[in-house]
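Topology and contacts: notes
In case you want the letters, here they are:
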Amino acid sequence: STPSSATTAKATTAPSGTGSAATTLPPGTPAALRGAHGSVLRAGELPGFVPQGPLTLSTSVQSAVAEAPPDQRASEAASLKALGFVAGLDEKLAPSKGGVANEGGVSLVELFRSSHGASGEVASQLKQALKRGESTFAVPGIPGARGFGYSGSSTDANVAFAVGPYYYLVGFSTGAAGVPTRAQLIAAAQSLYSLVRA
């Protein structure tokens, strides 16, 4: 569920009230993901990135991990199942001025059967990031949020947080120095949090 993992390669745009007004929700989107809680980033909220393609709906753990590396799919699916995954929406983001193969962004929301499942997914993603050698950073203004990623010749940054049974992740991977910055990613996550916390 991060740009540094396979899930970051998943992302989308949303309908009015849940993201970009330009797109509609996929057929079969559960009612629980149709209101404000089913929101992803709105167009323009993450500098340097624009929505790419339609929102992707996952209604099974298998579809949720479909873009993960083949050798990680079984373990990621088992983790999501244990946490009580119900459904998710992914918004893919692309560099607004073009980019290379590894550049991209993501905004996703996943619904779990309980708040314990959603907060468990935050912890799971953080644990995976630390295993990959990523560093953490503070995310003020969002209770329980965790920031993690790489920085160097390329930058990879993610913010994960939970609101009740909903798990949210926003992130990007880019080789362009300074676009966007972690501060801009945090601001985008804070904007999303203000929309979904009610």
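Model, not experiment: these values are computed from the prediction.

**Structural notes on the overall build of the protein**
- Of the regular secondary structure elements, the protein holds four helices and eight strands.
- Secondary structure elements of the protein, listed N to C terminal, follow the sequence β-β-α-α-β-β-α-β-β-β-β-α.
- Within the protein, buried positions represent 51% of all 198 residues.
- Put simply, of all contacts in the protein between residues at least 6 apart along the chain, 66% involve residues at least 24 apart.
- When the accessible surface of the protein is split by element, carbon and sulfur atoms take 57% of a total near 8,200 Å².

**Points about the side chain of Thr-174**
- Among the structural elements, Thr-174 can be located in strand β8 (residues 166-174).
- Reaching out from Thr-174, the side chain makes a polar contact with the side chain of Glu-103 at a distance of 2.9 Å.

**Considerations on empty space enclosed by the protein**
- A full pass over the atoms with the stated rule returns two cavities of 30 Å³ or more.
- Taken as a whole, the second largest cavity holds about 50 Å³ of empty space.
- As for the second largest cavity, its lining consists of Leu-41, Arg-42, Ala-43, Gly-44, Glu-45, Leu-46, Phe-49, Val-50, Pro-51, Glu-91 and Leu-93.
- No other element matches the three residues that strand β1 (residues 49-51) contributes to the lining of the second largest cavity.
- Here the residues of the lining of the second largest cavity are counted per class, giving seven nonpolar, one polar and three charged.

**Describing the pattern of salt bridges**
- All told, the structure shown has three salt bridges when counted by the stated rule.
- For Glu-45, the salt bridge is made with Arg-42, and the minimal N-O distance between the two is 3.3 Å.
- A relative accessible area of 19% means that Glu-45 is categorised as buried.
- Of the charged contacts in the structure, one is a salt bridge between Glu-134 and Arg-132, with a shortest N-O distance of 2.7 Å.
- A relative accessible area of 5% means that Glu-134 is categorised as buried.
- Owing to a relative accessible area of 25%, Arg-132 belongs among the partly exposed residues under this scheme.

Reading guide: rules and limits
- Residues numbered from 1 in each chain as written.
- Predicted model: local features only at pLDDT ≥ 70, side-chain atom pairs only at ≥ 80, totals over all residues.
- Heavy atoms only, no water.
- Helix = DSSP H or I, 4+ residues; strand = E, 2+ residues; numbered from the N terminus.
- Buried < 20%, exposed > 50% of the residue type's maximum accessible area, 1.4 Å probe, protein only.
- Contact = heavy atoms within 4.5 Å.
- Areas by Shrake-Rupley, 256 points an atom, 1.4 Å probe, with all protein chains shown as cover.
- Polar contact = N/O pair within 3.5 Å; in protein donor to acceptor, adjacent residues only side chain to side chain.
- 1 Å grid on protein atoms, 1.4 Å probe; cavity = no way out; pocket = protein on both sides within 12 Å on 5 of 7 lines; lining within 4 Å.
- Points joined across faces, edges and corners; volume = space filled by probe spheres on them.
- Nonpolar A, V, L, I, M, F, W, Y, C, P; charged D, E, K, R; others polar.
- Salt bridge = Lys/Arg side-chain N within 4 Å of Asp/Glu carboxyl O.

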